[in-house]
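# Structural overview for review
Residue-level listing of the chains:
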Amino acid sequence: MIAPPPLKLPPPPRLRRTRRRASRVLGVIVLTSFIPLAGCARGCTSSRPPIHLNPSMDDQPKALPQTASTFFYDGASMRQPVPGTVAIGGLKEDVAFFTGKGADGQFVATIPVTADEALLERGRQRYVIYCQPCHDARGDGKGILFQRGSVPTATFHQEKILKYPDGQIFDVITNGVGLMPAYRWPIPPADRWAIIAYVRGLQRDRQARAASAPAGVK
Amino acid sequence: MAQIFPPWWNKLPIVAAIAGIIGPTLAIAGVWYFFSPWYTDVGYRPVQPVPYSHKLHVGELGLDCRYCHASVEISNVANLPPTQTCMNCHQAVKRDSALLAPIRDSAQSGRPMRWIRVHNLPDYAYFTHRMHVTAGIGCVTCHGRIDEMETVTQMTPLSMSWCLDCHRNPGPHRRPVSEVTNMKWTAPRDVQALTAQLDRERPVNPPTDCSGCHR
């Protein structure tokens, strides 16, 4: 069937035509202004990895720290040094400094470094980072692990720990004891001694306060 | 004979003029807006294998960044913690949580967790965390308020121009080194005095030449 030819209408008045044209332009502007909204504005979150429009050499086939590898059998791109490897300057000759034990195998009584202001300050910093979460700021063992999980944590102000030689505390930090895991990895040996110096300071303060307080008040 | 140019060709000049203005304007605006790393990279929030909440652990429990990211002061890399770090507490707290099952599996098998990297620089940019945190650039300056994030999200573009903005004028971005991991630190009213003091104590000279970051 053939469609009838379109009916020729008389041209509309001039005023109406300009108005219609103006509204059409306005419509285009309004529509295009919605384009950004249809996608996503800057800073909106997405779990999809970013698309780099010019990938350039952003991703190179090289091993980066803490990445996976399809080449090595254990799936890690970082390799372990051969057992027994000693890094330059890493020969642990000073047994007391690195193990807390003297040549006779007994714990050393005092820290094998000089305890000065700088060491105590370093100890305070490291204590706040690694010890305070469980042992709390004053060493009472009422940290978040106790508050949130009711997990008992040792207080430093108990007879047993007051009598510990410094080397034994070093050994506890290094290898852990009971529920406390080893903190060998995040705290290097020098910082462990700094922490011990700071903890000894906490203990001394508490005892001095207890001694000066009137009887019955603690 | 039919006309070669129908009457609507009369509109051509005005249509061409409008298209010639609107088209390029939209194109330029679109590239400016959508091709920028502020659009492509900011807001990346991958779904991690365990929904670890920095808001809980840092914001509420008050763990220091370095409790887990311990190598940040001594290494180029701010390490992701080994599974053992999670187990320090989670051997005793929330031991039976189903959400923590991958952590327990990892601790038992020794296979590392496959966390998904959020902040990913191009491989030809060599960033070092050690230099930045010891120069008094706070974690929050680049990573945003991690202590308020349930899931870590990229907050800054990590683009070259963004890096250079600070490298050319580091002063106002510096803070005392003791406050680097403090998420809530705000600059004192007299920033210039602090900047002057920090510059005296530890002058910095961030590189702005190519080889500073590209080897």
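In this text, all values refer to a predicted model and were calculated from it rather than measured experimentally.

## Looking at the packing of helix α7 (residues 166-175) of chain A against helix α8 (residues 189-212) of chain A
Residue and element names in this part refer to chain A. Following both chains from N to C, one finds α7 and α8 inclined at 125°, their axes separated by 10 Å at the closest point. One finds that α7 runs oblique with respect to α8. Of the two elements, α7 crosses α8, and the hand of that crossing is right-handed. Along the contact surface, α7 presents Asp166, Gly167, Ile169, Phe170, Ile173 and Thr174, while α8 presents Pro189, Arg192, Trp193, Ile195, Ile196 and Arg200. Residue composition of the contact of α7 with α8, grouped by class: 7 nonpolar, 2 polar and 3 charged.

## Describing unusual backbone geometry
All names here are of chain A. We note that serine 56 has phi near 50°; this positive angle belongs to a residue other than glycine. With respect to the secondary-structure elements, serine 56 resides in the loop between α2 (35-38) and α3 (95-99). For aspartate 136, which is not glycine, the phi torsion reads 60° and is therefore positive. Relative to the helices and strands, aspartate 136 resides in the loop between α4 (117-135) and α5 (144-149).

## Describing the domain arrangement of chain B
Residues and elements named next belong to chain B. Per the domain assignment, the segments of chain B are domain 1 (15-44) and domain 2 (54-80 + 115-208). The gap between the C-alpha centroids of domain 1 and domain 2 is 32 Å. Taken together, the contact between domain 1 and domain 2 spans 6 residues of the former and 11 residues of the latter. Carbon and sulfur atoms make up 61% of the area that domain 1 and domain 2 hide from each other, which totals about 630 Å². Interface area lost by domain 1 to domain 2 is led by Trp38, Val42 and Tyr44, which between them contribute 67%.

## Quick notes on the state of the cysteines
Residue and element names in this part refer to chain A. Applying the stated criterion across every chain yields a total of 1 disulfide over all chains. With a sulfur-sulfur separation of 1.5 Å, cysteine 40 is cross-linked through a disulfide to cysteine 44. With the S-S dihedral at roughly -75°, the linkage between cysteine 40 and cysteine 44 falls on the left-handed side. On the accessibility criterion, cysteine 44 (30% relative accessible area) is partly exposed.

## Examining the nonpolar core
Counting 30 residues, the largest nonpolar core has A:Tyr127, A:Tyr130, A:Ile173, A:Trp193, A:Ile195, A:Ile196 and B:Tyr67 as its most contacted members. Sorting the residues of this core by element identifies α3, α4, α7 and α8 of chain A together with α4 (65-68) of chain B as the ones contributing at least two each. Here this core gets 8 residues from one element, more than from any other, and that element is α8(A). A:Tyr127 has contacts with A:Gln132, A:His135, A:Asp136, A:Ala137, A:Arg138, A:Gly139, A:Phe156, A:Ile195, A:Tyr198, A:Val199 and A:Leu202, leaving out every residue within four places of it along the chain.

## A word on the pattern of salt bridges
Taken as a whole and assessed by the stated rule, the structure comprises 12 salt bridges over all chains. Across the pair B:Asp64 and B:Arg66 runs a salt bridge whose closest N-O atoms are separated by 2.9 Å. For the salt bridge of B:Asp147 with B:Arg145, the shortest nitrogen-to-oxygen distance reads 2.8 Å. Salt bridges sharing common partners tie together A:Arg126, B:Asp64, B:Arg66 and B:Glu73.

Conventions and cut-offs
Residues numbered from 1 in each chain as written. Chains lettered and ligands numbered in written order. Predicted model: local features only at pLDDT ≥ 70, side-chain atom pairs only at ≥ 80, totals over all residues. Heavy atoms only, no water. Axes fitted to C-alpha atoms, helices over the stretch in contact; angles between N-to-C directions. Helix = DSSP H or I, 4+ residues; strand = E, 2+ residues; numbered from the N terminus. Parallel < 35°, antiparallel > 145°, perpendicular 65-115°, else oblique. Left-handed = near helix turned anticlockwise from the far one by under 90°. Contact = heavy atoms within 4.5 Å. Nonpolar A, V, L, I, M, F, W, Y, C, P; charged D, E, K, R; others polar. Domains from an automatic or database assignment. Buried area = accessible area lost by both parts, 1.4 Å probe. Disulfide = S-S within 2.5 Å. Buried < 20%, exposed > 50% of the residue type's maximum accessible area, 1.4 Å probe, protein only. Core = buried A, V, L, I, M, F, W, Y, C linked by side-chain atoms within 4.5 Å. Salt bridge = Lys/Arg side-chain N within 4 Å of Asp/Glu carboxyl O.

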